[in-house]
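Letter by letter, the chains look like this.
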Amino acid sequence: MQIDNSFIPFALPDIGRDEVAAVTETMFSGWLTSGPKVREFESKIEKYLGCKRAVALSNCTAALHLVLEAMNIGEGDEVITTPITFACTVNSIINCGAKPILVDVEPNSINIDYKKIEKEITSKTKAIIPVHFAGAPVALDEINALGKKHSVPIVEDAAHAMGSSYKGKKIGADSYAACFSYYPTKNMTTGEGGSFVSNNPELAERVRRLSIHGMDKDALNRYSSTGSWFYDIKEPGWKYNMTDTQAAMGLVQLEKLDGFNNRRRKIAEFYNSEFKDIKGFSTPSLEYGMDHSWHLYVVRIQDNAKVNRDQFISALKELNIGSSVHFIPIHLHSAFSQLGYSRTDLPESVNYFNEAVSLPLYPKMTDDQVARVVSAVKRILS
Ligand SMILES: *Cc1c(COP(=O)(O)O)cnc(C)c1O
């Protein structure tokens, strides 16, 4: 029998013939930009999450940016977030003219440490953006209570959390603001895409309007048989809408999401059981059970391991296995040096970063590929 040693990428979308068929059908329908498929996708997202309003957008960064604009956040304001996130969370804050304030992570979940948030809240604080890192839900009750106490709204970066839950409800079900991503590495994909969701219809409508140049009517309300040509620009906005071809792909992916996430969880549980007794190696917690979407499987290579983190990544690469690191702490990027943090500030995130590796985890992985990752890790570390 031929042994398969082909490259195992760190992440891979799972696109089938049904996505291709749905996109093709939409391309022939005559509607390419936001039309009936986007409407249908938004209502399916509302149903899946159990939320009041969903607005489909060009990506999750657009959702984060627009909600901060819709909340009138700008010059002189501060927004609290975590250093362990992708640059877009912080860019959205800076691009509104506001200042990001970073609060260190809690060392087990790698989510923002809610116990450290309150002392950073000032009269300038206009929002808190927690990230459900890797799909593990943040301490929403505690963070929402803080927000309520200080009248600071919570905007959830839920890019990793499509399908995650908190206390029996889907993330986004009851949020003032939550932003999801359908980037190709995420738990479901539309190529590029995202959703803004909210339990506040006025906020959602303002986000929608800002996503189409501040126009009071979308394309469906202008070009369909019941539409009319007249429109008014209510305020200057952006062009951040989702297209019907993206939504057609998203509708099929959403049907598969729970199956995808179950497969992710099975692989994570298998990895954990196989990696139990390796020296200097720690695996993610399984304490969240079914509430975790398992967007990422992050292991840590500690001081007493046989190799260091960078050597571990190189050794995996030699064995034709891809991996990644999520994330380089925000304050270590050159663009964000002007935020005023030194390289030794936010020590939990820096310690975490020095040890972290994300292993391949996605529904398309075969059992053989999972077994290859397991034996590679054991070979490198024992
Ligand atoms: C992927 C990601 C985003 C942004 O998603 P896009 O859809 O690519 O804009 C936001 N936050 C985090 C934590 C992410 O990983």
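Preceding block: the structure.
Calculation notes
- Residues numbered from 1 in each chain as written.
- Predicted model: local features only at pLDDT ≥ 70, side-chain atom pairs only at ≥ 80, totals over all residues.
- Heavy atoms only, no water.
- Pairing = 2+ DSSP bridges.
- Helix = DSSP H or I, 4+ residues; strand = E, 2+ residues; numbered from the N terminus.
- Near = heavy atom within 4 Å.
- Polar contact = N/O pair within 3.5 Å; in protein donor to acceptor, adjacent residues only side chain to side chain.
- Areas by Shrake-Rupley, 256 points an atom, 1.4 Å probe, with all protein chains shown as cover.
- 1 Å grid on protein atoms, 1.4 Å probe; cavity = no way out; pocket = protein on both sides within 12 Å on 5 of 7 lines; lining within 4 Å.
- Sits in = over half its atoms within 2 Å of the grid points.
- Nonpolar A, V, L, I, M, F, W, Y, C, P; charged D, E, K, R; others polar.
- Points joined across faces, edges and corners; volume = space filled by probe spheres on them.
- Contact = heavy atoms within 4.5 Å.
- Salt bridge = Lys/Arg side-chain N within 4 Å of Asp/Glu carboxyl O.
- Buried < 20%, exposed > 50% of the residue type's maximum accessible area, 1.4 Å probe, protein only.

(A) Structural context of the sheet that holds strand β10 (residues 281–282). Ordered in space as β10-β11-β12, the 3 strands form an open sheet in which the pairing is antiparallel. In this open sheet, the two edge strands, each paired with only one partner strand, are β10 and β12 (356–359). Here 2 bridges tie β10 to strand β11 (residues 297–301), and the two strands are oriented antiparallel to one another. Bridge assignment links F281 to a residue of β11, and that residue is I301.

(B) Summary view of the site of the ligand. Around the ligand there are 15 residues in total, and T61, D157, H160, S181 and K186 lie nearest to it. Within the side chain of T61, one N or O atom sits 2.5 Å away from an oxygen atom of the ligand. H160 is positioned such that a nitrogen or oxygen atom in its side chain is 2.7 Å from an oxygen atom of the ligand. Its free accessible area being 380 Å², the ligand has 93% of it covered by the protein chains. Judged by its atoms lying within 2 Å of the grid points, the ligand is housed in the largest pocket. For the shell around the ligand, the secondary structure elements donating two or more residues are α3 (60–70) and α4 (87–95). Split by residue class, the shell around the ligand holds 6 nonpolar, 7 polar and 2 charged.

(C) Molecular detail of the layout of surface pockets. Of the voids in this model, the largest pocket is the one considered here, and its volume is about 460 Å³. F86, S181, Y183, T185 and K186 are the residues nearest the centre of the largest pocket, which is lined by 27 residues in total. Elements supplying a minimum of two residues to the lining of the largest pocket: α3 and α4. Tallied by class, residues from the lining of the largest pocket come to 12 nonpolar, 11 polar and 4 charged.

(D) Local environment of unusual backbone geometry. With omega at 0°, the peptide bond leading from H326 into F327 counts as cis. Mapped onto the fold, F327 is located in the loop between α9 (309–318) and α10 (347–355). If you check the backbone angles, K167 has positive phi at about 45° while not being a glycine. Although it is not a glycine, H213 adopts a positive phi angle of roughly 65°. Note on placement: H213 falls in the loop between α6 (201–211) and α7 (220–223).

(E) Representation of empty space enclosed by the protein in the model. Per the counting criterion, the structure on display carries 2 cavities of 30 Å³ or more. Within this model, the largest cavity holds a volume of roughly 130 Å³. Lining of the largest cavity is provided by 14 residues; of these, S34, V38, E42, R208 and D218 occupy positions nearest its centre. The greatest single-element share of the lining of the largest cavity, amounting to 3 residues, is contributed by helix α2 (residues 36–49). In terms of residue class, the lining of the largest cavity is built from 6 nonpolar, 4 polar and 4 charged. In terms of lining, the second largest cavity is formed by L12, P13, D14, P184, K186, N187, M188, T189, Q253, F260, R264 and P363.

(F) Structural detail: the side chain of H326. As for its placement among the helices and strands, H326 is situated in the loop between α9 and α10. Polar side-chain contacts of H326 include one of 2.7 Å to the side chain of S358. Residue contacts for H326: discarding those within four places in its chain leaves F10, I84, F133, L296, Y352 and S358.

(G) Up close: the pattern of salt bridges. Inspection of the entire model under this criterion finds 20 salt bridges. With a shortest N-O distance of 3.2 Å, D18 and K256 are connected by a salt bridge. Of this pair, D18 sits in helix α1 (residues 17–29) while K256 sits in helix α8 (residues 244–274); the two residues are 238 residues apart in sequence, bridging distant segments of the chain. Take D18: its relative accessible area is 39%, and that puts it in the partly exposed class. Judged by relative accessible area, K256 falls into the partly exposed class, the value being 22%. Measuring nitrogen to oxygen at the nearest pair gives 3.2 Å for the salt bridge that ties K126 to D77. Linking K126 in strand β4 (residues 125–129) with D77 in the loop between α3 and β2 (78–81), this pair joins segments that are 49 residues apart in sequence.

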